[in-house]
Amino acid sequence: MRKTEQSSRQETGDASALANDPPLRAVRAFEAVARLGSVTLAAQELAISPSAVSHQLRVLDDFLQMPLTERHGRRLILSQQGREYYRSIRAAFNVLRQATEHLVEQTQSRQVTISLIPLFGMGWFIPRLPDFMRANPHTEINVVYANHRNYLSDASDMSIRFGNGQWAGYLSEPLISGKMVPVASRQFIRLHGHVDTPEQLLQMPLLHDEERMTWNQWFVQQNVRRAPRRSGPLFEDGLLTLAAVQAGLGCALMREPLIRPYLESGELVKLFDLPIDDGRDYYLCVRQDSEMTEEGKRLQSWLRAQRRTG
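The residue numbers shown here count from 1 along each chain, following its written sequence. Only residues with pLDDT of at least 70 get local features here, since the model is predicted, and only at 80 or more are side-chain atom pairs given and counted; chain-wide, interface and lining totals rely on the full set of residues. As a rule here, side-chain values cover all heavy atoms of the structure and leave hydrogens and water aside.

Visitor: Mind showing me how you'd approach the environment of Leu 284 here?
Guide: By the criteria applied, helices consist of DSSP H or I runs no shorter than four residues and strands consist of E runs no shorter than two, each listed in order from the N terminus. As for its placement among the helices and strands, Leu 284 is situated in strand β12 (residues 281-287). Along the primary structure Leu 284 and Gln 300 are separated by 16 residues, whereas in three dimensions their C-alpha atoms are 8.0 Å apart. Beyond its immediate chain neighbours, meaning those up to four positions away, Leu 284 contacts Met 158, Ser 159, Ile 160, Leu 171, Ser 172, Glu 173, Leu 175, Gln 300, Leu 303 and Arg 304. A contact between two residues is defined here by any heavy atoms of the two lying within 4.5 Å.

Here it is as structure tokens:
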């Protein structure tokens, strides 16, 4: 057993920890440094000295056997491995913070918490939310992020999840379709001209949401035999893809219910009414192990009613 790993377990008194359990005190220090961008600010938040924070960073480096930070002059920045590690752990810390906040506030029965993906919130939930708030003026809505790549059990009363509808410990029901259609910005159309056939899209810059195979599948579905270029920017989620489309960077396959406000305003243009279905939709989910509050039931019923409007 590595010395740093052994010492960290002695500090926690957990003799049964698994061999790859990280030293949690060190991980907490690293998360604070990565989030705040400063050892000094991290030390203030954690109520320890900057040297203690630096020590914890070294403990984590030793445990992982790779540097997560680099010294550039007087500044400490994340290494490539550090950026990747932070992206992986920040969701877990968000869940911990949400769980703590929910526990503190759970006695306030007028509150209901819903977790959802950012683009779903912007394009579907929030534009409809004023109707619910007018009908339920005394209900306080807490909206938090959900990470659809790794749905950890969160503290929300309900969640809108994206996938195939199967999540352990949750009851799910379909809410809206996840079908995608090709879109571009009106600015892009003015610059590149109208697109009259799917074949013409082969000559256009294409943007990729999550992965690069969906465009190829769409072209096959439209009986376009020549494969599209696999190049073009790849974006981690729909919110980033939307920003790229709005900036006129290219055409993208996007989930129509979530971009309907932008289509109706004319900011975005649906190039063809030819959707593709990758088997994933949006689901209204509640936990099996807890009773829904009256406010939660009202929000749940309202969301079911909204389903009819798409």
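Visitor: Looking at this structure, how should I read unusual backbone geometry?
Guide: Most of the time, phi is negative for any residue but glycine, and the peptide bond is trans. Residue Gln 65 is not a glycine yet carries a positive backbone phi of 60°. Positionally, Gln 65 belongs in the loop between α4 (50-64) and β1 (69-72). For every residue, the accessible area (1.4 Å probe, protein chains only) is compared with the maximum for its type, and the residue is labelled buried under 20%, exposed over 50%, or partly exposed between those bounds. Overall, the relative accessible area of 60% leaves Gln 65 in the exposed class. In this model, Glu 210 sits at a positive phi of 80°, which is unusual for a non-glycine residue. Tracing the backbone shows Glu 210 in the loop between β8 (208-209) and α8 (214-221).

Visitor: I'm lost on empty space enclosed by the protein in this one. Help?
Guide: Empty space among the atoms becomes visible once a probe the size of a water molecule is rolled across them. Points on a 1 Å grid over protein atoms alone make up a cavity when a 1.4 Å probe fits among them but cannot get out, and a pocket when they form an open set with protein on both sides within 12 Å along at least five of seven lines; lining residues each have an atom within 4 Å of a point. Grid points are joined across faces, edges and corners, and a volume is the space filled by probe spheres set on the points. On inspection of all chains with the given rule, the structure shows one cavity of 30 Å³ or more. Here the largest cavity is characterised by a volume of approximately 150 Å³. Surrounding the largest cavity, 14 residues form its lining, Leu 119, Asp 209, Gly 238, Arg 255 and Tyr 282 being those nearest its centre. Secondary-structure elements contributing two or more residues to the lining of the largest cavity are α6 (118-135), α9 (238-246) and β10 (252-255). Gly is put with the polar residues, along with every residue not named as nonpolar or charged; the nonpolar set is Ala, Val, Leu, Ile, Met, Phe, Trp, Tyr, Cys and Pro, and the charged set is Asp, Glu, Lys and Arg. When grouped by side-chain class, the residues that make up the lining of the largest cavity number eight nonpolar, two polar and four charged. Domain start and stop positions are those given by an automatic or database domain assignment. Taken domain by domain, the makeup of the lining of the largest cavity includes at least three residues from each of domain 2 (111-177 + 281-307) and domain 3 (180-270).

Visitor: What should I look at first to understand the packing of α6 against helix α10 (residues 256-265) in this one?
Guide: Interaxial angles span 0 to 180 degrees and are taken between N-to-C directions of axes, which are lines fitted to C-alpha atoms, for helices over the stretch in contact. At a minimum axis separation of 8 Å, α6 and α10 run at an interaxial angle of 70°. With respect to α10, the element α6 is oriented roughly perpendicular. Handedness of the α6/α10 crossing: left-handed. Residues Leu 119, Phe 120, Met 122, Gly 123, Trp 124 and Pro 127 of α6 touch α10, and the partners they reach there are Pro 257, Leu 258, Pro 261 and Tyr 262. Here the contact of α6 with α10 is built from residues that sort into nine nonpolar, one polar and no charged. For classification purposes, an angle smaller than 35 degrees is called roughly parallel, one larger than 145 roughly antiparallel, one from 65 to 115 roughly perpendicular, and anything else oblique. For any helix crossing, the convention is left-handed if the near helix is rotated counterclockwise from the far helix by under a right angle, and right-handed if that rotation is clockwise.

Visitor: I keep staring at α9 and nothing clicks. Help me out?
Guide: An α-helical turn contains 3.6 residues, so a residue and the one three or four places further along point in the same direction. Of all the positions in α9, only Gly 238, Thr 241, Leu 242, Ala 244 and Val 245 are classed as buried. In a view along the axis of α9, the buried residues occupy a sector of 160°, so they form one face of it. Two or three places before Leu 239, at the opening of α9, Asp 237 has a side-chain oxygen 3.2 Å from that residue's backbone nitrogen. Downstream of α9 by one or two residues, Gly 248 has phi in the positive range, about 80°. By arc we mean the arc of the directions from the helix axis to the C-beta atoms, nothing more. Pairing of N or O atoms within 3.5 Å defines a polar contact, subject to two protein rules: one partner must be a possible hydrogen donor and the other a possible acceptor, and residues neighboring in sequence count only if both atoms are side-chain atoms.

Visitor: Sorry if this is basic, but what is going on with the sheet that holds β12 here?
Guide: Here, strands pair whenever DSSP counts at least two bridges between them. Here we have five strands laid out as an open sheet, ordered β4-β3-β5-β12-β6, and mixed in their pairing. Both edges of this open sheet fall to β4 (140-145) and β6 (170-176), since each of them pairs with a single strand only. Shown here is a sheet whose adjacent strand axes are inclined to one another by a mean of 25°, direction ignored. As judged from the six bridges shared by strand β5 (residues 158-163) and β12, these two strands associate in the antiparallel manner.

Visitor: Looking at this structure, I do not really get the pattern of salt bridges. What am I missing?
Guide: Note that side chains of opposite charge can pair when their charged atoms are close. Here a salt bridge means any side-chain nitrogen of Lys or Arg lying within 4 Å of a carboxyl oxygen belonging to Asp or Glu. Taken as a whole, this structure holds 15 salt bridges when the rule is applied. A salt bridge links Glu 31 to Arg 97, with the shortest nitrogen-to-oxygen separation between them at 3.0 Å. Placement of the pair is Glu 31 in helix α2 (residues 24-36) and Arg 97 in helix α5 (residues 80-105), with a sequence separation of 66 residues. Judged by its relative accessible area of 3%, Glu 31 falls in the buried class.

Visitor: Looking at this structure, I do not really get the sheet that holds β10. What am I missing?
Guide: Paired through backbone hydrogen bonds, the strands of a sheet run either parallel or antiparallel to each other. The three strands lie next to each other as β10-β7-β11, forming an open sheet whose pairing is antiparallel. Each end of this open sheet is capped by a strand with a single partner; those strands are β10 and β11 (268-270). In this sheet, adjacent strand axes meet at a mean angle of 50° when their direction is disregarded. Pairing geometry for strand β7 (residues 180-185) and β10, over four bridges, is antiparallel. Residue Val 181 lies in a different strand from β10, and its bridge partner there is Met 254. Where α8 meets the sheet, it contacts β7 and β10, and its direction lies at approximately 90° from that of β10. With respect to the sheet, α9 is in contact with β7, β10 and β11, its orientation differing from that of β10 by roughly 130°.

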